[in-house]
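Structural characterization, general
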Amino acid sequence: DTAVSQTPKYLVTQMGNDKSIKCEQNLGHDTMYWYKQDSKKFLKIMFSYNNKELIINETVPNRFSPKSPDKAHLNLHINSLELGDSAVYFCASSQEQDSNQPQHFGDGTRLSIL
Amino acid sequence: AQKVTQAQTEISVVEKEDVTLDCVYETRDTTYYLFWYKQPPSGELVFLIRRNSFDEQNEISGRYSWNFQKSTSSFNFTITASQVVDSAVYFCALSEAWASYGKLTFGQGTILTVHP
C-alpha cells in the first residue's frame with residue numbers, strides 16, 4: 001500500500017509535446033506538493049495545494065499547470081516541453097500546510113526530453 | 001529569505017567509520033523546523049527526522065544522531081558505525097513557521113558513499 005504514488009515512473013518524450021504526471025496519496029493528508037530535482041540533485045518546490053486550493057506557486061513557467069480534482073490527487077500537466085524540463089519530479093503530501101509537518105514523498109517521475 | 005547550506009558535496013568512508021554530515025541554515029524567523037531526508041540509489045526520498053527551533057535537545061535513533069545548535073545555526077547529522085546501506089544522498093531542509101505554508105527549502109545534498 002504505497003502512501004504517495006506517482007505515475008508514470010519514467011517518461012521519455014520529444015520537445016514540444018504535452019505530458020501529464022499523476023499523483024495520489026492515501027494518507028488522508030490535506031496538503032500536496034510538487035518538487036523538481038535537477039541533474040545536480042537540487043530539490044526545489046514548484047507548487048502546493050491545500051484542500052484543492054493553490055497555496056504556493058513558486059515562479060514556475062505557466063507551461064506547468066497543476067490540477068487537484070480532490071485533496072487526495074495532485075496532477076501536473078506540462079505543455080510544450082523543453083529540454084530544460086528534463087528532471088525528476090516528486091510529489092509529496094503532509095497532514096496540513098503547517099511548516100512543522102513532515103512531508104512524505106512519492107518515488108519520483110524521471111522526465112527525459114529528447 | 002531562508003537558505004540551507006550543506007558544504008560537503010561528497011563524503012567517502014569505509015564501513016564502520018563514523019561520519020558527520022554538516023548542515024548550516026539561515027532564516028529570519030524565530031520559529032522554524034529542520035528536517036533530514038535520505039535519498040538512496042533507488043531514488044525515493046525518505047523522511048528521517050524533524051526538529052523544532054525551540055527544542056535544542058539532541059536526538060539519537062539507533063546509529064543516527066542529530067546535533068542542533070541554534071548559536072551556530074547548524075543541524076548536523078552523525079552516522080555511527082556506518083554501513084554500506086547508508087550510502088545515499090542526504091538532504092537537510094528548513095521550513096519557516098511564518099507564511100511559508102509548509103514550503104521546504106533544501107540544501108544541495110551530501111552524497112555519502114560507504115565502502116565495504
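Below or above, wherever it landed, is the structure these notes cover. Not measured: the values here are computed from a predicted model. (Residues numbered from 1 in each chain as written. Chains lettered and ligands numbered in written order. Predicted model: local features only at pLDDT ≥ 70, side-chain atom pairs only at ≥ 80, totals over all residues. Heavy atoms only, no water.)

A separate point is the overall build of chain B. Along the backbone of chain B there are zero helices and twelve strands. When the elements of chain B are put in sequence order from the N terminus, they spell out β-β-β-β-β-β-β-β-β-β-β-β. Rg of the C-alpha trace for chain B: 14 Å, near the compact-globule value of 13 Å for 116 residues, within the 12% margin. Referenced to the eigenvectors of the C-alpha coordinate spread, the extents of chain B come out at roughly 45 × 25 × 20 Å. Long-range pairs, those at least 24 residues apart, make up 57% of the contacts in chain B between residues at least 6 apart in sequence. Counting every atom, chain B has about 5,600 Å² of accessible surface; 50% of that belongs to carbon and sulfur. (Helix = DSSP H or I, 4+ residues; strand = E, 2+ residues; numbered from the N terminus. Rg over C-alpha atoms; globule rule 2.2 N^0.38 Å. Contact = heavy atoms within 4.5 Å. Areas by Shrake-Rupley, 256 points an atom, 1.4 Å probe, with all protein chains shown as cover.)

Per the secondary structure count, chain A includes zero helices and eleven strands. Starting at the N terminus, the α and β elements of chain A follow one another as β-β-β-β-β-β-β-β-β-β-β. In terms of overall dimensions, chain A is globule-like: its C-alpha atoms have a radius of gyration of 13 Å, near the 13 Å expected for 114 residues. Taken along its principal axes, the extent of the C-alpha atoms in chain A is 35 × 30 × 25 Å. Within chain A, contacts between residues separated by at least 24 positions form 55% of all contacts whose residues are at least 6 apart in sequence. Once the 12 positive and 13 negative side-chain charges of chain A are each reduced to a mean point, those two points are 8 Å apart. (Lys, Arg positive; Asp, Glu negative; His and termini not counted. Charge placed at Lys NZ, Arg CZ, Asp CG, Glu CD.)

Turning to the interface of chain A and chain B, a few remarks are in order. Contact with chain A, which involves 23 residues of that partner, is made by 22 residues of chain B. Both sides together, the interface formed by chain A and chain B hides about 1,900 Å², and carbon and sulfur atoms give 60% of it. Applying the counting rule to chain A against chain B returns one salt bridge. A salt bridge links K103 of chain B to E58 of chain A; the nearest nitrogen and oxygen atoms lie 2.9 Å apart. Where chain A packs against chain B, one counts four residue pairs in polar contact (both at pLDDT 80 or more). Sorting the residues of the side of chain A that touches chain B by element identifies β4 (31–37), β5 (43–50) and β6 (53–57) of chain A as the ones contributing at least two each. (Buried area = accessible area lost by both parts, 1.4 Å probe. Salt bridge = Lys/Arg side-chain N within 4 Å of Asp/Glu carboxyl O. Polar contact = N/O pair within 3.5 Å; in protein donor to acceptor, adjacent residues only side chain to side chain.)

A few words on the packing of aromatic side chains. Two aromatic rings are characterised by how far apart their centres lie and by the angle between their planes. As enumerated under the stated definition, the model contains 20 aromatic pairs over all chains in all. The rings of Y33, Y35, F90 and F105 of chain A together with F35, Y37, F47, F91 and F106 of chain B are connected pair by pair, giving a single aromatic cluster. (Phe/Tyr/Trp six-rings, centres within 6.5 Å; stacked < 30°, edge-to-face > 60°.)

All names here are of chain A. The strand order across the open sheet built from four strands is β1-β3-β8-β7, with neighbouring strands paired in antiparallel fashion. Looking at the sheet topology across the chains shown, the edges are occupied by β1 (4–7) and β7 (64–70). Between one strand axis and the next, the sheet turns by 20 degrees as a mean value, whatever way the strands run. (Pairing = 2+ DSSP bridges. Axes fitted to C-alpha atoms, helices over the stretch in contact; angles between N-to-C directions.)

Ranked by internal contacts, the top residues of the largest apolar core, which has 23 residues, are W36, F75, F77, Y90 and L112 of chain B. The set of elements that each furnish at least two residues to this core consists of β2 (10–14), β3 (19–21), β5 (32–39), β8 (64–69), β9 (74–79), β10 (88–96) and β12 (110–115) of chain B. With residues near it in sequence (within four places) discarded, Y90 of chain B still touches Q6, L21, W36, Y37, K38, L48, Y64, F77, I79, G109, T110 and L112 of chain B. Grouped together as the second largest cluster of nonpolar side chains are 20 residues, V4, I21, Y89 and C91 of chain A included. (Core = buried A, V, L, I, M, F, W, Y, C linked by side-chain atoms within 4.5 Å. Buried < 20%, exposed > 50% of the residue type's maximum accessible area, 1.4 Å probe, protein only.)

Turning our eyes to something else, we now look at the state of the cysteines. Residue and element names in this part refer to chain A. Enumeration according to the criterion identifies two disulfides over all chains in this entry. A disulfide bridge connects C23 with C91, and the sulfur atoms are separated by 1.8 Å. As the torsion about the S-S bond is roughly -80 degrees, the C23-C91 disulfide counts as left-handed. You can see C23 sitting in strand β3 (residues 19–25) and its partner C91 sitting in strand β9 (residues 87–94), a full 68 residues away along the chain. (Disulfide = S-S within 2.5 Å.)

As a further point, take the pairing of β1 of chain A. Residue and element names in this part refer to chain A. Burial along β1 is one-sided: the face carrying V4 and Q6 is buried and the face carrying S5 and T7 is not. Where β1 meets β3, four bridges bridge the pair, whose relative direction is antiparallel. Its bridge partner being in β3, T7 is matched across the sheet by K22.

Such coordinate-based values are descriptive only and should not be taken to indicate function.
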